[in-house]
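So you can see what is in the structure, the chains are spelled out below.
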Amino acid sequence: MRLPFFVRRVPTLKEFPFAYRTWTQEMREPFRRGNTLVIRLPFGQGIGVGRWTGTLPSEDHALVAVLGSPKPFIPGRDD
């Protein structure tokens, strides 16, 4: 059973606000996307708490979501 919520460690900088919103993208199946609230802690670390909001169909789509580049052409694949 997969829960709709997550908690994770997040690298931060001291210049970041104490609390801020961002997003999370899994790079392994099931390629879930989520909204995250990060609370900055000392020593360059933070705690991210969030909720999964959707999934992407493939690793290619996840890479495009993270890098913002167009989907690469891969011979033999039509997804």
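This is a predicted model, so every value here is computed, not measured.

Visitor: Quick question: what am I supposed to make of the overall build of the protein chain here?
Guide: Tallying secondary structure elements over the protein chain gives 1 helix and 4 strands in all. Start at the N end of the protein chain and walk to the C end: the helices and strands fall as β-β-β-β-α. Sorting the 79 residues of the protein chain into buried and exposed places 24% on the buried side. Considering only residue pairs separated by 6 or more positions, the protein chain has 46% of its internal contacts joining residues 24 or more positions apart.

Visitor: Whenever I open this one, the pattern of salt bridges confuses me. Can you help?
Guide: A side chain with one charge can pair with a side chain of the opposite charge if their charged atoms come near. Within this structure, the stated rule accounts for 1 salt bridge. Linking Glu 26 and Arg 32 is a salt bridge whose minimum nitrogen-to-oxygen distance equals 2.9 Å.

Cut-offs and rules
Residues numbered from 1 in each chain as written. Predicted model: local features only at pLDDT ≥ 70, side-chain atom pairs only at ≥ 80, totals over all residues. Heavy atoms only, no water. Helix = DSSP H or I, 4+ residues; strand = E, 2+ residues; numbered from the N terminus. Buried < 20%, exposed > 50% of the residue type's maximum accessible area, 1.4 Å probe, protein only. Contact = heavy atoms within 4.5 Å. Salt bridge = Lys/Arg side-chain N within 4 Å of Asp/Glu carboxyl O.

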